[in-house]
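Descriptive structure summary
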Amino acid sequence: MTQGALSKIKQKEAAWIGYRQRRTRARYRAYCGVRNESTRALREAVYQFEKTLAQEVKEKPRDFFAYARSKTRIKESVSRVKQPEGTFTNYTQEACKILNKEFQVFAKETNTPIPRVQHELKGEELSRCEFTVDDIRKLLESLRENSAPGPDGVHPKVLKECASKHTVLEKLLRHKMVDHLENNNLTNNSQHGLGTGKSCLTQLLEFSEELEDALDEGVGVDIVYLDCRKAFDTVPHLRLLNKLRAMAISGDILAWIENFLSRRRFWNHDVIARRPSSLTIVSQG
């Protein structure tokens, strides 16, 4: 709300009070004129506010989506869920268990033999990581303040302001592992995800350039799109560890990752009561 719009609203309220005290035609016309000016000022203030939100969506995405959610008309919660025997749930926890079972993406590790993965290693294997205070500070200072808090509930802005007093083990370890894989050419050049300086955008640019070159040369192009369903959620842990060993990741680092993956659990979130409801063991993903 701008100061100009607030001023017009106060003028409208004052004009209305004046008309109520003495109902004359002149005062009513004066009220209608101020009312119309107030409506135009309010619409202009809303327009400028929404325009600013749209222009700053990359810097302040949370403000944009919070405003969009406030304009959503449908705000009903999930109703009761029908059970296999035909009855309906009476408690939110029962509904959460049924929904979790229906949409469960994690599966058990299969008994099929784990294939051997071989890579030609040009450097040393990665078995230990050493992090300096400067590494931790740089990582925390690079955090985006408008990002959502992690599982610990600590806002990135707090971590950034306390960069010299906190550690982020997972991100530091990931950086070391990515450097190891890239320095030893253990990743394919066509992979654009989870790499340094690469993203979906670079993949699209590279693909578009190859496509345009083929079309300029008059070559026919056939495109096949593949979508791996729940690709990250269904990665078998034993096969993942086996591939890490083949990529010369061993020692304390491999042991830490293996321990991290062992007996993992996640909370099923109760969208009805808006709270965690039950724990489920994660064997994949």
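See the structure above.
Residues numbered from 1 in each chain as written. Predicted model: local features only at pLDDT ≥ 70, side-chain atom pairs only at ≥ 80, totals over all residues. Heavy atoms only, no water.

Details of the overall build of the protein chain
This is how the line gets drawn: Each helix is a run of DSSP H or I of at least 4 residues and each strand a run of E of at least 2, with the numbering of both proceeding from the N terminus. Partly exposed describes any residue whose relative accessible area lies between the buried limit of under 20% and the exposed limit of over 50%, with all areas from a 1.4 Å probe on protein chains only and scaled to the type maximum. Whether two residues are in contact is decided by their heavy atoms, any of which lying within 4.5 Å being enough. Reported accessibility uses the Shrake-Rupley method at a 1.4 Å probe radius. Residues are deemed covered only where the shown protein chains occlude them.
A tally of regular secondary structure across the protein chain gives 10 helices and 2 strands. Along its sequence from the N terminus, the protein chain presents helices and strands in the succession α-α-α-α-α-α-α-α-α-α-β-β. Taken across its 285 residues, the protein chain has 20% of its residues classed as buried. Here the contacts in the protein chain between residues at least 6 apart in sequence split such that 57% fall between residues at least 24 apart. A total accessible area of about 22000 Å² is found for the protein chain, and carbon and sulfur atoms account for 53% of it.

Points about the packing of helix 2 (residues 25-55) against helix 3 (residues 61-70)
Note the cut-off: Fitted lines through C-alpha atoms give the axes, limited to the stretch in contact for helices. The angle between two N-to-C directions lies from 0 to 180 degrees. Oblique is the label for every angle not falling under 35 degrees (roughly parallel), over 145 degrees (roughly antiparallel), or within 65 to 115 degrees (roughly perpendicular). Residue classes follow a fixed rule: Ala, Val, Leu, Ile, Met, Phe, Trp, Tyr, Cys and Pro count as nonpolar, while Asp, Glu, Lys and Arg count as charged, and any other residue, Gly among them, counts as polar.
Close contact between helix 2 and helix 3 brings their axes to 9 Å; oriented N to C, the two are set at 135°. Taken as axis vectors, helix 2 and helix 3 run oblique relative to one another. Taken together, the residues of helix 3 that come into contact with helix 2 (itself represented by V46, F49, E50, L53 and A54) are D63, F64 and Y67. Along the lines of polarity and charge, the residues of the contact of helix 2 with helix 3 split into 6 nonpolar, no polar and 2 charged.

So, a nonpolar patch on the surface
Our working definition: Residues enter patches when their relative accessible area tops 30% and they take part in no salt bridge; the joining distance is 9 Å for like charges and 5 Å for the nonpolar side chains Val, Leu, Ile, Met, Phe, Trp and Tyr. We count a salt bridge whenever a side-chain nitrogen from Lys or Arg sits within 4 Å of a carboxyl oxygen from Asp or Glu.
Together, F207, L215, V221, I223 and Y225 line one region of the surface with nonpolar side chains, adding up to about 500 Å² of accessible area. Within the fold, I223 resides in the loop between helix 8 (200-216) and helix 9 (237-246). For I223, a relative accessible area of 38% translates into the label partly exposed.

Digging into the nonpolar core
Across soluble globular proteins, you tend to see nonpolar side chains buried next to one another. To keep it simple, the criterion reads: Remark: nonpolar core denotes a set of buried residues (Ala, Val, Leu, Ile, Met, Phe, Trp, Tyr, Cys) joined through side-chain atoms within 4.5 Å.
Formed by 13 residues in total, the largest nonpolar core has its most connected members in M177, L241, L244, I249, I253 and I257. Contributions of two or more residues to this core are made by helix 7 (169-183), helix 9 and helix 10 (251-261). Sorting elements by how many residues they give to this core places helix 10 first, with 4 residues. When neighbours within four sequence positions are excluded, I249 is seen to be in contact with L126, M177, H180, L181, L244 and L254. Ranked by size, the runner-up nonpolar core spans 6 residues in total, among them I136, L139, L143 and L159.

Regarding the pattern of salt bridges
Applying the stated criterion across every chain yields a total of 2 salt bridges. K8 is paired through a salt bridge with E37; the nearest N and O atoms lie 2.9 Å apart. Of this pair, K8 sits in helix 1 (residues 3-21) while E37 sits in helix 2, and the two are 29 residues apart along the sequence. With relative accessibility at 25%, the residue K8 sits in the partly exposed group. Judged by relative accessible area, E37 falls into the partly exposed class, the value being 32%. A salt bridge links E56 to K60, with the nearest nitrogen and oxygen atoms 3.7 Å apart.

Some thoughts on helix 4 (residues 92-102)
The cut-off we apply is this: This arc is built from the directions going out from the helix axis to the C-beta atoms.
Among all positions in helix 4, only A95, C96 and N100 are buried. What you see down the axis of helix 4 is that its buried residues fit within an arc of 130°, all on one side. Exposed positions of helix 4 whose direction lies more than 90 degrees from the buried face are K101 and E102.

Some thoughts on the packing of aromatic side chains
Centre-to-centre distance and the angle between the planes together describe a pair of aromatic rings. Filter applied, for reference: Working definition: a ring pair exists when centres of Phe, Tyr or Trp rings (six-membered ring for Trp) sit within 6.5 Å. Plane angles under 30 degrees give stacked, over 60 give edge-to-face, the rest tilted.
Taken as a whole and judged by the stated rule, the model has 6 aromatic pairs. On the numbers, 6.4 Å between centres and 40° between planes, the contact of Y28 with Y31 is tilted. A residue pair is termed a helical-turn pair when its members lie 3 or 4 positions apart in one helix, as Y28 and Y31 do in helix 2 at 3 residues. On the basis of relative accessible area, Y28 is assigned to the partly exposed category, the value being 38%. By relative accessible area, which is 13% here, Y31 ends up buried.

Everything listed is a geometric property; what it means functionally is a separate question.
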